[in-house]
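Report on the structure
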Amino acid sequence: MCRKKRWIAFQKIGLEGQAWQGKRFERPFDRIPLCAKKSLPESVWNNSRSSTGMSISFVTDSPYLFIRRKFESEQLEEHNFNNCSFSGFDLYAERNGKLRWVCTTNHKYGDSEEYPLNLDRLEGRHVYRLYLPCRNRLLKAELGIADGAFFEPVAPRPEKDSIVYYGSSIIHGAYTSHAGLCPPAWLGRRFGRPSYNFGFSGAAKMESAVADLLGTLRPAVFVLDPVPNMSLEEIRTRAKAFLIRLRSLCPETPFLLVEDAPKTNGWIFPEKLRDNVRRWNAMRRIWKELRDEGDHRIFYQKGNSLFGTDGEACVDGVHPSDLGYVRMMEELTPALKKILK
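Not measured: the values here are computed from a predicted model.

Reading the values: the criteria
- Residues numbered from 1 in each chain as written.
- Predicted model: local features only at pLDDT ≥ 70, side-chain atom pairs only at ≥ 80, totals over all residues.
- Heavy atoms only, no water.
- Core = buried A, V, L, I, M, F, W, Y, C linked by side-chain atoms within 4.5 Å.
- Buried < 20%, exposed > 50% of the residue type's maximum accessible area, 1.4 Å probe, protein only.
- Contact = heavy atoms within 4.5 Å.
- Axes fitted to C-alpha atoms, helices over the stretch in contact; angles between N-to-C directions.
- Helix = DSSP H or I, 4+ residues; strand = E, 2+ residues; numbered from the N terminus.
- Parallel < 35°, antiparallel > 145°, perpendicular 65-115°, else oblique.
- Left-handed = near helix turned anticlockwise from the far one by under 90°.
- Nonpolar A, V, L, I, M, F, W, Y, C, P; charged D, E, K, R; others polar.
- Pairing = 2+ DSSP bridges.
- Patch = residues over 30% accessible without salt bridge, like charges linked within 9 Å, V, L, I, M, F, W, Y side chains within 5 Å.
- Areas by Shrake-Rupley, 256 points an atom, 1.4 Å probe, with all protein chains shown as cover.
- Salt bridge = Lys/Arg side-chain N within 4 Å of Asp/Glu carboxyl O.
- Lys, Arg positive; Asp, Glu negative; His and termini not counted.
- Charge placed at Lys NZ, Arg CZ, Asp CG, Glu CD.

Notes on the nonpolar core
Formed by 42 residues in total, the largest nonpolar core has its most connected members in Y166, F198, L214, F242 and L243. Aside from chain neighbours lying at most four places away, what touches L243 is M206, L224, F255, L257, I286, L290 and I298. Counting 35 residues, the second-largest nonpolar core is a separate cluster that includes I170, A220, C314 and Y325.

So this is what it looks like as structure tokens:
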């Protein structure tokens, strides 16, 4: 491996996927600026202190890439985030206009602040995108390239072209095998658009303060997927007010409202499936009311086949495996194609 390295701070390359650029953040890779802290529920704020969905893009011919980083916590994984998604950096490269996976943080180097991202030599000059960790709070990050290698940053793309995705731990990236597979990042690659990940594990509950915050953004589409975190009562008392408030702030932006997938073991625990159906019916009723009241920019994605229908695409009955994420993307793609057309 090359011994002499040139280190480049991520911020100097340009961070895509962090909204409100120019605002002050408590830490450099948090998702929500400090000015919003007092208005948000504590659970939302605590979940926002991760870099999930963020990325840097650059061109280099360096045969090796290194990472030098510092996390807030020495913990490198948890029960529903493995090392590669919880603390890992995930590299993609462009080929024929499409981004393809290259490599992910190696477990062997997971407890070191400086380590090689790739163990095999990279040949030629490529356009790369490097996704940041889904969960561990990142305090500092630098990219290392071979001394003397060509390097050119690729600027973040504009917010107006973006997909803003609000949702639960599923959107945060729980159980994904590596960081680039969380739904906003995946959809961003599929549609060639920037994406912003507002997945808040267990804390996506359509609070009015969250509508006020998201309403300051101007993306191409909002994907709203909080139902897995919401009780029937929360849907009945919060969902319509949240949607009306967000619409008042973003009168022209389309919304895609997404149901949760049915519990994959609901066939043997029927009350779980009944709970799904009750919450679906409540959310569908609100969607229809809003359409009847004149909001024709709000669209709806049913959840009954979001992870397929064979029960094989979940880890715990709720969170999808990588197979479930694949199926989820296939379900969402046609709806988003129509909206973004």
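Now, onward.
Side note on the packing of helix α5 (residues 183-191) against helix α9 (residues 322-340)
Packing of α5 against α9 leaves a shortest axis separation of 10 Å and a crossing angle of 50°. If you check the angle between α5 and α9, you find them oblique. As α5 runs across α9, the sense of the crossing is right-handed. Facing α5, whose interface residues are P183, W186, L187, R190 and F191, α9 presents Y325, V326, M328, M329, E330, L332, T333, L336, K337 and L340. A per-class count over the contact of α5 with α9 returns eleven nonpolar, one polar and three charged.

Remarks on the side chain of E207
Looking at where E207 falls in the secondary structure, it is placed in the loop between β11 (195-199) and α6 (208-214). Its relative accessible area of 14% is what places E207 among the buried residues. If we ignore the near neighbours within four places in the chain, the residues touching E207 are P41, V44, Y166, R238 and F242.

Topic: the pairing of strand β4 (residues 90-95)
Here β4 pairs with strand β5 (residues 98-104) via six bridges, running antiparallel. In the sheet register, R95 faces β5, and the bridge partner there is K98. Taking the residues that link successive antiparallel strands as the turn, the β4-β5 hairpin has two residues, and the phi of N96 there is positive, at about 55°. In terms of strand pairing, β4 meets strand β7 (residues 126-131) through four bridges, oriented antiparallel. Each bridged residue has a counterpart across the sheet, and for Y92 the counterpart in β7 is R129.

Concerning the sheet that holds β4
Across the sheet, which stays open at both edges, the five strands sit in the order β5-β4-β7-β2-β9 with antiparallel pairing between neighbours. Bordering the open sheet on either side are β5 and β9 (151-154), each of which pairs with just one other strand. When strand polarity is set aside, the average angle formed by the axes of neighbouring strands in this sheet is 30°. Strand direction decides the pairing type here: strand β2 (residues 55-60) and β9, joined by four bridges, are antiparallel. In the strand pairing of β9, S57 is matched with V154.

Section: a positive patch on the surface
A grouping of R236, R285, K288 and K302 is seen on the molecular surface, where their side chains present a positively charged patch. With respect to the helices and strands, the residue R236 is situated in helix α7 (residues 232-249).

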